[in-house]
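So you can see what is in the structure, the chains are spelled out below.
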Amino acid sequence: MTTSHPTGSLTPTFRDAWSAAEGAARAAAFFREAFDAEPDGVWAAPGRVNLIGEHVDYNGGPCLPIALPHRTYVALRRRHDDAVRLSSALAPDTVWTSPLAGIAPGAVSGWVAYAVGPAWSLGQSGHALGGFDAVDDTCVPLGSGLSSSAAIECAVAAGLSDLFGLGLTDDDAGRAALAAACVRAENEVAGAPTGGMDQAASLRATEGHALLLDTRDSSVRQIPFDLASHGLELLVVNTRAPHALVDGQYAARRSACHAAAARLGVATLGEVTDAAAALAALDDDVERRRVRHVLTEIGRVREFVALLEAGRLREVGPILDASHASLRDDYEVSCPELDVAVGSAREAGAIGARMTGGGFGGSAIALIEAGTATEVARAVATAFAAAGFREPEFLIALAGPPAGRVHTGEER
Ligand code: GLA
């Protein structure tokens, strides 16, 4: 799963993505072991990194994620009764079992809620499902802010759609419906009050493109994102920082934004047209800073997209840096590990860097010159060691394909 790139005294650890064939073969082999049967197929769904537009998806703003080449693989077999059985390569000795009707808000918890929650929300949308057996295996680092939870939801949802003939993976409209079902599962079954960016990235992004998601109406635009043609790479630093309190802090930011929107007389902060007037109308300093982050971040998404579309990707560095400062100082969702990751990557030559995802731990991204990943990673790892932090791990991000069926190459 991990590859070490020897570089002298300190050797940064890179997590390579499995190929589709490798991931599918692993999931299928584990399925045979767990259930002593052949799966009907294997589906994979990616984690994501968000390039820009952080903490705006629940504020009616735009965001710009890419699907990672790192994916969660789910092998599935349709049953002829209404039982659901589930096992994970991460806990191979346990098989979770329930009738389909037993999957509901409040009835399941932990990772199982993410895995089977979509079966409940698809049922709520009127889709007829039956029982199924499922196993998962993943190369998306868990708890790293790279959306391992969306990856498992979306892999299961895509698989159920194909297995039960729902046809929702066929086009973007169907994929949007699947993403909405996954968001509902995450909010109501898993109980995490997240926005919809991660599931949209996992189901609706396309290879070689960043996904411009407008969360006002869930519309998307595919923006070509070809790092190599600009001589660039995107380095992801998984800080591996423990992040307790994440859910409470995330929910607190979300409700602060909704309260501020209500005070400003708009449905969401994304509807604010005069930022200066809105900020002047708020007299609580903390509330004003939260709103300032959201409004300035929305502006940064627009600038970033304009540069990307003009072929000027090399010029986005200051936008990434400003996003990080805003998330750190105004929104207060960074942490020492993220700040050191961003600072040390920049000192080692990154064009720009920022935290990505929800924050309070998790991952940072650094836009770097092609061929310098090992050198920048070593500088970050060295800074982490000096600060007494856990050893970080690194990924190379490319804009990968969305959730869908994958093949082992072995089946008929
Ligand atoms: C988490 C959530 C997303 C989004 C980001 C912050 O990843 O799951 O919905 O709010 O945080 O941009």
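Residues numbered from 1 in each chain as written. Predicted model: local features only at pLDDT ≥ 70, side-chain atom pairs only at ≥ 80, totals over all residues. Heavy atoms only, no water.

This part is about the overall build of the protein. Helix and strand content of the protein: eleven helices and 15 strands. Against the globule reference of 22 Å for 412 residues, the protein gives a C-alpha radius of gyration of 21 Å, in line with a compact fold. Counting only C-alpha atoms, the protein reaches 60 × 55 × 40 Å along its principal axes. Counting the 412 residues in the protein, one finds 54% classified as buried. Restricting the contact set of the protein to residue pairs at least 6 apart, pairs at least 24 apart contribute 72%. Carbon and sulfur atoms form 51% of the exposed surface of the protein, whose accessible area is close to 15500 Å². (Helix = DSSP H or I, 4+ residues; strand = E, 2+ residues; numbered from the N terminus. Rg over C-alpha atoms; globule rule 2.2 N^0.38 Å. Buried < 20%, exposed > 50% of the residue type's maximum accessible area, 1.4 Å probe, protein only. Contact = heavy atoms within 4.5 Å. Areas by Shrake-Rupley, 256 points an atom, 1.4 Å probe, with all protein chains shown as cover.)

The subject of this paragraph is the packing of helix H4 (residues 172-189) against helix H5 (residues 197-204). Interhelical geometry of H4 versus H5 gives an angle of 145° and a closest axis separation of 9 Å. Considering how the two elements wind past one another, H4 and H5 form a crossing that is right-handed. Along the contact surface, H4 presents Asp 172, Arg 175, Ala 176, Leu 178, Ala 179, Cys 182, Val 183 and Glu 186, while H5 presents Gln 199, Ala 200, Leu 203 and Arg 204. (Axes fitted to C-alpha atoms, helices over the stretch in contact; angles between N-to-C directions. Left-handed = near helix turned anticlockwise from the far one by under 90°.)

The next thing to look at is helix H11 (residues 373-387). Given 3.6 residues per turn, any residue in an α-helix points the same way as the ones three and four places further on. With 15 residues, H11 should cover 21 Å at 1.5 Å per step; its first-to-last C-alpha distance of 21 Å lies within 8% of that length. For H11, the full list of buried residues reads Ala 373, Val 376, Ala 377, Val 380, Ala 381 and Phe 384. Buried residues of H11 fall within an arc of 135° about the axis and therefore sit on the same side. The elements touched by buried residues of H11 are strand E2 (13-15), strand E11 (232-238), helix H10 (336-347), strand E13 (363-369) and strand E14 (393-397). Taken from the residues just after H11, Gly 388 is the one with a positive phi, measuring 80°. (Expected span 1.5 Å × (residues − 1). Arc of directions from axis to C-beta.)

Partitioning the protein into domains gives domain 1 (17-224 + 402-407) and domain 2 (228-396). For domain 1 versus domain 2, the separation of C-alpha centres amounts to 25 Å. Together, the buried faces of domain 1 and domain 2 total about 2900 Å²; carbon and sulfur atoms form 66% of this surface. Looking only at domain 1, the three residues that lose the most surface to domain 2 are Ile 52, His 55 and Tyr 58, adding up to 24% of its buried area. Counting the contacts that link domain 1 with domain 2 gives two salt bridges. Across the pair Arg 354 and Glu 54 runs a salt bridge, and its minimum N-O distance is 2.7 Å. The interface formed by domain 1 and domain 2 includes 17 residue pairs in polar contact (both at pLDDT 80 or more). Those elements that provide at least two residues to the side of domain 1 that touches domain 2 are strand E3 (41-50), strand E5 (65-78) and strand E10 (219-224). In terms of residue count, the dominant contributor to the side of domain 1 that touches domain 2 is E5 (four residues). (Domains from an automatic or database assignment. Buried area = accessible area lost by both parts, 1.4 Å probe. Salt bridge = Lys/Arg side-chain N within 4 Å of Asp/Glu carboxyl O. Polar contact = N/O pair within 3.5 Å; in protein donor to acceptor, adjacent residues only side chain to side chain.)

Looking now at the sheet that holds strand E4 (residues 62-63). Reading across from one edge, E4-E9-E10 is the order of the three strands in this open sheet, with antiparallel pairing throughout. Two strands in the sheet have a free side with no partner beyond their single neighbour: E4 and E10. When strand E9 (residues 209-214) meets E10, the two strands line up antiparallel, connected through six bridges. Each bridged residue has a counterpart across the sheet, and for Leu 213 the counterpart in E10 is Val 220. (Pairing = 2+ DSSP bridges.)

Once that is clear, we can look at the pairing of E13. Counting buried residues in E13 gives six out of seven residues, a clear majority hidden from the surface. Sheet topology places strand E12 (residues 352-356) next to E13; five bridges connect them, and they run antiparallel. Among the inter-strand pairings, Met 355 is bridged to a residue of E13, identified as Ala 364. Joining the antiparallel neighbours E12 and E13 is a turn of six residues, in which Gly 357 adopts a positive phi near 85°.

By size, the foremost hydrophobic cluster in this structure holds 48 residues, and its most contacted members are Leu 235, Leu 269, Val 380 and Phe 394. With six residues, H11 is the single largest residue contributor to this core. Each of two domains, domain 1 (17-224 + 402-407) and domain 2 (228-396), supplies a minimum of three residues to this core. Ranked by size, the runner-up nonpolar core spans 37 residues in total, among them Val 84, Ile 103, Ala 158 and Ala 181. (Core = buried A, V, L, I, M, F, W, Y, C linked by side-chain atoms within 4.5 Å.)

Taken N-terminus to C-terminus, the directions of helix H3 (residues 148-163) and H4 make an angle of 130°; their axes are 10 Å apart at the nearest point. What the angle tells us is that H3 and H4 run oblique. The two elements H3 and H4 cross, and the hand of that crossing is right-handed. Only Leu 178, Cys 182 and Glu 186 of H4 make contact with H3, whose side of the interface consists of Ser 149, Ala 150, Glu 153, Cys 154, Ala 157, Ala 158 and Ser 161. (Parallel < 35°, antiparallel > 145°, perpendicular 65-115°, else oblique.)

Time to look at the confidence of the model for the protein. Per-residue pLDDT for the protein has a mean of 95; in total, 95% of the residues score no lower than 70. Contacts for the low-pLDDT stretch residues 1-8, under 50 throughout, to residues beyond four places or in other chains number 24 contacts. (pLDDT = per-residue confidence, 0-100.)

Moving on, we get to the pairing of strand E8 (residues 132-138). Among the seven residues in E8, seven count as buried, and that is most of the element. Where burial is concerned, the two faces of E8 agree: the one with Phe 132, Ala 134, Asp 136 and Thr 138 and the one with Asp 133, Val 135 and Asp 137 are both buried. Both E5 and E8 contribute to a ladder of seven bridges, which runs antiparallel. Residue pairing for E8: Val 74 is matched across the bridge by Asp 136.

Relative to the 26 Å expected for 18 residues at 1.5 Å per residue, H4 spans 25 Å between its end C-alpha atoms, a close match to the ideal helical length. Phi for Gly 191, located one or two positions after H4, is positive at around 75°.

In the region of the ligand, the neighbouring residues are Arg 48, Glu 54, His 55, Asp 57, Tyr 58, Thr 194, Gly 195, Met 197, Asp 198, Tyr 250, Gly 357 and Gly 358. Here an oxygen atom of the ligand and a side-chain polar atom of Arg 48 are 2.8 Å apart. Separating an oxygen atom of the ligand from a side-chain N or O atom of Asp 57 is a distance of 2.6 Å. Two domains each put at least three residues into the shell around the ligand: domain 1 (17-224 + 402-407) and domain 2 (228-396). (Near = heavy atom within 4 Å.)

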